[in-house]
Amino acid sequence: TASSSRSRSAMSAATARRRHASSSSRRGDLLSAGAFAPEALDVLAASIDASASAASASASASRIAELAVDAWSVTGGTTLGARFAGIETKLFQAGLPPYLVYLWFLGAPETRAPEASNFGARFLLAFVLATIPAGVVAKTTYGDVLANVDVLHGASESLLTCSNFLFAFGFATAIAAETATATATATAT
């Protein structure tokens, strides 16, 4: 018991020194106090460094998590489980190339798409580009998804409304012009 109490007092003295010393001087203090064998100090120093690294990594991860915002999720996760985490973003990214191909074909001269409709389809990209930062602002400022923040959601949706109006207006005008031409041709003959 005398050796265990001496060892406890040596350990408490070593602990006090460790709290007040830098990591490089701690090893020297403990060796000079004779509290630990040099091999044990190496293991102890490694575990202290590992726990400091783990704490630092955890702090870094939480800082990164604060910066990286999943703008499409209410809770920060997904209701589909860990297997499908982040699928909303991946589907969004996967949907963009086919839409760009669609715009390319819509703008081809042989398609003869009305200019207003062509512009309306391209203007939809403004809606997409405005929705991304609006979703991030809704999540970081209001703590909710864009659909639940009326001011930002309404502003974003107004771009979609303009896009849809231009698309429909272009085709309605083209149909009306085609009908007028067909009527004029039928009347002339």
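Just above sits the structure.
The rules behind each value
Residues numbered from 1 in each chain as written. Predicted model: local features only at pLDDT ≥ 70, side-chain atom pairs only at ≥ 80, totals over all residues. Heavy atoms only, no water. Helix = DSSP H or I, 4+ residues; strand = E, 2+ residues; numbered from the N terminus. Contact = heavy atoms within 4.5 Å. Patch = residues over 30% accessible without salt bridge, like charges linked within 9 Å, V, L, I, M, F, W, Y side chains within 5 Å. Areas by Shrake-Rupley, 256 points an atom, 1.4 Å probe, with all protein chains shown as cover. Salt bridge = Lys/Arg side-chain N within 4 Å of Asp/Glu carboxyl O. Buried < 20%, exposed > 50% of the residue type's maximum accessible area, 1.4 Å probe, protein only. Axes fitted to C-alpha atoms, helices over the stretch in contact; angles between N-to-C directions. Parallel < 35°, antiparallel > 145°, perpendicular 65-115°, else oblique. Nonpolar A, V, L, I, M, F, W, Y, C, P; charged D, E, K, R; others polar.

1. Some details on the side chain of serine 156
Here comes step 1: Within the element layout of this structure, serine 156 appears in helix 6 (residues 150–188).
Here comes step 2: If sequence neighbours within four positions are ignored, serine 156 has contacts with Phe127, Ala130, Thr131, Ala134 and Leu146.

2. A look at a nonpolar patch on the surface
Here comes step 1: Together, Phe92, Leu129, Ile132 and Val136 make up a nonpolar patch on the protein surface, roughly 320 Å² of accessible area in all.
Here comes step 2: The leading source of residues in the nonpolar patch is helix 5 (residues 115–142), at three residues.
Here comes step 3: Its location among the elements puts phenylalanine 92 in helix 4 (residues 87–107).
Here comes step 4: The partly exposed category is assigned to phenylalanine 92, whose relative accessible area is 35%.

3. Observations regarding the packing of helix 5 against helix 6
Here comes step 1: Between helix 5 and helix 6, whose axes approach to 8 Å, the crossing angle comes to 170°. By the angle between their directions, the pair helix 5 and helix 6 is classed as roughly antiparallel.
Here comes step 2: Classifying every residue of the contact of helix 5 with helix 6 gives 20 nonpolar, six polar and one charged.

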